[in-house]
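Observations on the model geometry
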Amino acid sequence: MVEEAEELRALREQQPARILTFQEESKDVLSGRSTQSRNSWKDQLLEGCSPKKRLPILSWIRRYDVEDALSDLIAGVTLGLTMIPQSIAYATIAGLPSQYGLYAAFMGSLVYVFFGTVREVSIGPTSLMSLLTLQYTAGRPLQYVIVLAFTSGLVELAMGIFRLGFLVCFISVPVTSAFTSATALIIIGAQLGNLLGLPRVPSTNSDGGFFATVWSILQRLRDTAFGDTALGIGCMVMLIGLQHLPRLVPAARNYRMHRFLWYVSLARNALVVLLATLLAHYLSSTPGGVPFRLSGRVEPGIPAFEWPIRGVPTNGTSLSFLEITTDLGSGLLLVPLVAVLANVAIAKAFATDGTVDATQELIALGLCNVIGSCFRAMPTTGAFTRSAVSHASGVRTPLSGLYSALLTLLALGVLTPYFYYIPRATLAAVLIVAVASMLDLAIVRRLPRPPASLIDLFAWTVCFTVCLFRGVEVGLLCGMAVSLLEPLRHWVSPRAYCTTVRGPTHTYHHIRPSLGLLYTGIDRLRTVVLTEARHRTVPGAPILLDCEQFVALDYSAVRSLRELSDEVERLGGTLMLQNVRPSWQQALQLHETTGPGIWVFHRPEGSVPPVAQAAQVVGGEEVVEGENIAPTR
């Protein structure tokens, strides 16, 4: 068996799953029955709100058997052993007590059992969510974290209800790679202080950027604690060794031993944390004491249900829910956007039937955050590493999340007294090794190669650099803006292939644009047509504009085409249209000439009629001259 990082990389290289579009979501994903076009929007709305569609558990639970239960139990326990130490570590990234990560892991796993559609997806705290949470809530009361999770869930629910999952398509793969790589570096830089046992400095936070954090650590290297450093490096070596443990005994030599070593490798985070905790507990009873810093006390149990919209008392006053949301600012949109990006990407990577119901995934993620915030959970989303662990463990249904949730609940109820002895250096080692697999610097070598373009490389570089200097939220927006330049360039300056066609009875100049005509590309098409009209090789030959490649028209394009026809006539020519969709003919006010499929603009009575004789198109045409007119780079 390959390691989960290698397996996830292989899954990414497979044929990507298809996300249901706005029209396709009216189909019944589970049974394959399509909604007929004659159905009204009310029928489609009722079908979209049906319990069977919005509660996927009702479909597969009836076929659940003993074999599924056994497979889900193994996968759930394996996932829980990975999730518990990760959740504690991710809470430290966000600057929160350890139990907040466990709250999020418990509620995310439990809610996704009922509303999730992809069995491998694991909802809970992640490094991305923890880093964003820290940036927007650092130095503020804990209620800010709860409100951030609540509002993020509401935004995700709204995106699901209004079918806005397609928005993640505006984030290209290079931007996603740069974003995750920069995030991994920021997390590694932030955890170096815990790994070296350096005391926390309140003035150094994520606002200074990655390089400011590293510079602050370099200035305080003289304060390095030997105990924390030795323990942290030792834990990292052990984690990497356990990760490659199954390679010692290939499956072809001894399958059972290889399988056992593979399960040990999957549980390496839990094993390392357990051994470090036992060591700290033993040293606490010795005269010398514990030579490294510990996590501290963890609150046991799950907090009671409470709506996160109440005020927060601070400095003798009370902050209202509206004031808290105002302070969170852009985080109200960026945090859910990043969560949706990560969750849909994971669903696409692991979907077994090739189709992802983006609407249901957004609703499930939104409910995980809304319900979780009522139990003091931090913002959550899907996790690549844990989803790969579920896939590699042979998960059968989303019910495996129930076993992970029960294991997390057991940890909150029974093991919290022992969480006090978890060394911070060990958690830092777990995080550094976990996020190191997110670094994707090799993509820089592939981006300049065809069919990729320099825009992709530029977008990656801008996103990566801005994330490190100014923060991940600004870097993501800048990367999206740069990556949109490429499709915008094609719409603003579309290519057009121009030819001079000579037949037995007529000659005309043929112009074939390669993209839909909207207001952004009007000026470019106008330049191409007028250039052809002024420099016609055959005087008097009409200009034939082929509309076959047009996929869209707007009001500006309709009006400009008529004005363009008038300008061509003033130059002594005639502009004709070919392959015009029937739905556009009335909007353009076209009049069909004697030639089949050839249209001209309708002229008022008394105006000079177009040269209709040249519109007859017959066989035996011969292209005598051609030129590919492309936009200037």
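Everything quoted here is computed from the prediction, not taken from an experiment.

Quick word on the overall build of the protein
On a plain count of helices and strands, the protein comes out with 26 helices and 13 strands. Going through the 633 residues of the protein one by one, you find that 51% of them count as buried. Long-range contacts, defined here as pairs at least 24 residues apart, represent 79% of the contacts in the protein between residues at least 6 apart. A total of about 29,600 Å² of accessible surface is found on the protein, and carbon and sulfur atoms cover 62% of it.

Description of the packing of helix 9 (residues 173–196) against helix 22 (residues 472–483)
The interhelical angle for the contact between helix 9 and helix 22, taken along N-to-C directions, is 160 degrees, at an axis separation of 10 Å. Accordingly, the angle class assigned to the pair helix 9 and helix 22 is roughly antiparallel. In this structure, the crossing between helix 9 and helix 22 has a hand that is right-handed. Taking contact as the criterion, the partners of Val 175, Phe 179, Thr 183 and Ile 186 in helix 9 are, on helix 22, Val 472, Leu 476, Gly 479, Met 480 and Ser 483.

Looking at the confidence of the model for the protein
The predicted model of the protein has a mean per-residue pLDDT of 80, with 82% of residues at 70 or higher. Confidence drops under a pLDDT of 50 for residues 1–39, and excluding neighbours within four residues, the segment shows 68 contacts in the predicted structure. Ignoring residues within four places in sequence, the model shows residues 608–633, a span with pLDDT below 50, making 67 contacts including any to other chains.

Notes on the environment of Trp 307
Of note, Trp 307 is situated in the loop between helix 13 (268–283) and strand 3 (312–314). A relative accessible area of 48% means that Trp 307 is categorised as partly exposed. In this structure the C-alpha to C-alpha distance between Trp 307 and Phe 375, which are 68 residues apart in sequence, comes to 8.4 Å. In this structure, Trp 307 is in contact with Phe 150 and Cys 374, ignoring residues within four places of it in sequence.

Observations regarding the pairing of strand 9 (residues 543–546)
The two faces of strand 9 match: Ile 543 and Leu 545 on one face and Leu 544 and Asp 546 on the other face are all buried. Where strand 8 (residues 507–513) meets strand 9, three bridges bridge the pair, whose relative direction is parallel. Of the residues in strand 9, the one forming a bridge with His 510 is Leu 544. Both strand 9 and strand 10 (residues 575–578) contribute to a ladder of four bridges, which runs parallel. Within strand 10, the position partnered with Leu 544 by the bridge is Met 576. The β-α-β motif built from strand 9, the intervening helix 25 (residues 555–570) and the parallel element strand 10 has right-handed crossover chirality.

Thoughts on the pattern of salt bridges
The tally for this structure, following the rule as stated, stands at eight salt bridges. As a salt-bridge pair, Glu 67 and Arg 396 come within 2.8 Å of each other at their nearest N and O atoms. Taken as a pair, Glu 67 in helix 5 (residues 66–93) and Arg 396 in the loop between helix 17 (384–392) and helix 18 (400–419) lie far apart in primary sequence, 329 residues in all. On the accessibility criterion, Arg 396 (31% relative accessible area) is partly exposed.

Examining helix 5
Compared with the 40 Å implied by 1.5 Å per residue over 28 residues, the 40 Å span of helix 5 between its first and last C-alpha is a close match. Of all the bends in helix 5, the greatest reaches close to 25 degrees and is centred on Met 83; the proline Pro 85 follows between one and four positions later. The N-cap of helix 5, judged by a side-chain oxygen 3.4 Å from the amide nitrogen of Glu 67 a few residues on, is Asp 65. Gly 95 sits one or two positions beyond helix 5 and adopts a positive phi of about 75 degrees.

As for a nonpolar patch on the surface
On the surface, Leu 70, Leu 73, Ile 74, Val 77 and Leu 81 cluster together into a nonpolar patch covering about 370 Å² of accessible area. In this structure, Leu 81 sits in helix 5.

Digging into the packing of helix 9 against helix 10 (residues 209–219)
Across the interface, helix 9 lies against helix 10 with an axial gap of 9 Å and an inter-helix angle of 20 degrees. Put simply, helix 9 runs roughly parallel to helix 10. At the point where helix 9 passes helix 10, the crossing takes the left-handed sense. Contacts between helix 9 and helix 10 involve Leu 185, Ile 186, Gly 189, Ala 190, Leu 192, Gly 193 and Leu 196 from the first element and Phe 210, Thr 213 and Ile 217 from the second. Its residues placed into classes, the contact of helix 9 with helix 10 shows seven nonpolar, three polar and no charged.

Some words on unusual backbone geometry
Most peptide bonds adopt trans geometry, and most residues besides glycine take a negative phi value. Residue Arg 163 is not a glycine yet carries a positive backbone phi of 55 degrees. When you line up the elements, Arg 163 lands in the loop between helix 8 (143–161) and helix 9. We note that Asn 579 has phi near 55 degrees; this positive angle belongs to a residue other than glycine. As for its placement among the helices and strands, Asn 579 is situated in the loop between strand 10 and helix 26 (582–588). You can call Asn 579 partly exposed: its relative accessible area is 36%.

As for the packing of aromatic side chains
All told, the structure shown has 11 aromatic pairs when counted by the stated rule. Ring plane angle 80 degrees and centroid distance 5.5 Å describe the contact between Phe 305 and Trp 307, whose orientation is recorded as edge-to-face. Judged by relative accessible area, which is 47%, Phe 305 ranks as partly exposed. Taken together, the ring pairs in this structure connect Phe 150, Phe 305, Trp 307, Phe 321 and Phe 375 into an aromatic cluster.

A few points about the nonpolar core
Nonpolar side chains tend to gather and get buried jointly when the protein is soluble and globular. By size, the foremost hydrophobic cluster in this structure holds 115 residues, and its most contacted members are Phe 179, Leu 328, Val 338, Phe 419 and Leu 476. If you tally residues by element for this core, the top one is helix 15 (residues 331–350), at 11 residues. Not counting residues up to four positions away in its chain, the partners in contact with Leu 476 are Ile 171, Val 175, Phe 179, Leu 334, Val 338, Cys 463 and Cys 467. Listed in part, the 26 residues of the second largest apolar core include Leu 575, Val 580, Leu 588 and Leu 590.

Some details on the side chain of Gln 578
As for its position among the elements, Gln 578 is in strand 10. Look past the residues within four positions of Gln 578 in its chain and what remains in contact with it is His 510, Leu 544, Leu 545, Asp 546, Cys 547, Glu 548, Gly 597 and Ile 598.

Remarks on the pairing of strand 8
Of all seven residues that make up strand 8, six are buried, and the element is covered over most of its length. Sheet analysis places strand 7 (residues 496–502) next to strand 8, joined by seven bridges and oriented antiparallel. Bridge pairing in strand 8 links Thr 499 to His 510.

Description of the environment of Ala 383
Looking at the element boundaries, Ala 383 is found in the loop between strand 6 (381–382) and helix 17. The spatial distance from the C-alpha of Ala 383 to the C-alpha of Thr 126 is 6.1 Å, given a sequence separation of 257 residues. In contact with Ala 383, other than residues within four places in its own chain, are Ser 122, Thr 126 and Ile 346.

Concerning the environment of Leu 410
Along the polypeptide, Leu 410 turns up in helix 18. You can call Leu 410 partly exposed: its relative accessible area is 45%. As for Leu 410 and Gly 301, which are separated by 109 residues in sequence, their C-alpha atoms are 8.8 Å apart.

Calculation criteria
All residue numbers here refer to positions counted from 1 along the written sequence of the relevant chain. The predicted nature of this model means local features are confined to residues of pLDDT at least 70 and side-chain atom pairs, given and counted, to a pLDDT of 80 or more, with totals for whole chains, interfaces and linings taken over all residues. Excluded from the side-chain calculations are hydrogens and water; all other atoms, namely the structure's heavy atoms, are used. To qualify as a helix, a DSSP run of H or I must reach at least 4 residues; to qualify as a strand, a run of E must reach at least 2; elements of each kind are numbered from the N terminus. With a 1.4 Å probe rolled over the protein chains alone, any residue whose accessible area is under 20% of its type maximum counts as buried; one over 50% counts as exposed, and the rest are partly exposed. Contact between two residues is taken to exist if any of their heavy atoms lie within 4.5 Å; hydrogens are not considered. Per-residue and other accessible areas follow the Shrake-Rupley method at a 1.4 Å probe size, with only the shown protein chains counted as cover for residues. Between the N-to-C directions of two axes lies an angle of 0 to 180 degrees, each axis being a line fitted to C-alpha atoms and, for a helix, fitted only over the stretch in contact. Any angle from 65 to 115 degrees is called roughly perpendicular, while one under 35 is roughly parallel, one over 145 is roughly antiparallel, and all others are oblique. Left-handed describes a crossing whose near helix is turned anticlockwise from the far helix through less than a right angle; right-handed describes the clockwise counterpart. By definition, pLDDT measures how confident the predictor is in each residue, and it falls between 0 and 100. Strands pair, by our definition, only if DSSP identifies at least two bridges between them. Seen with the strands pointing away from the viewer, any crossover whose path from the first strand over the helix to the second strand runs clockwise is right-handed. A pairing counts as a salt bridge when a side-chain nitrogen of Lys or Arg comes within 4 Å of a carboxyl oxygen of Asp or Glu. Here the expected span of a helix is defined as 1.5 Å times the quantity of residues minus one. A residue's bend is simply the angle between two axes: one fitted to the seven residues ending at it, one to the seven starting at it. Polar contact is the term for a pair of N or O atoms within 3.5 Å; when the atoms are in protein, one must be able to donate a hydrogen and the other to accept it, and sequence-neighboring residues count only if both atoms are side-chain atoms. Patch definition: residues with relative accessible area over 30% and no salt bridge; like charges joined within 9 Å; nonpolar side chains (Val, Leu, Ile, Met, Phe, Trp, Tyr) joined within 5 Å. Basically, the charged four are Asp, Glu, Lys and Arg, the nonpolar ten are Ala, Val, Leu, Ile, Met, Phe, Trp, Tyr, Cys and Pro, and anything else, Gly included, counts as polar. Aromatic contacts are taken between Phe, Tyr and Trp rings whose centres are within 6.5 Å, Trp giving its six-membered ring; a plane angle under 30 degrees counts as stacked, one over 60 as edge-to-face, and the others as tilted. For the purposes of this section, nonpolar cores are sets of buried Ala, Val, Leu, Ile, Met, Phe, Trp, Tyr and Cys residues that join through side-chain atoms within 4.5 Å.

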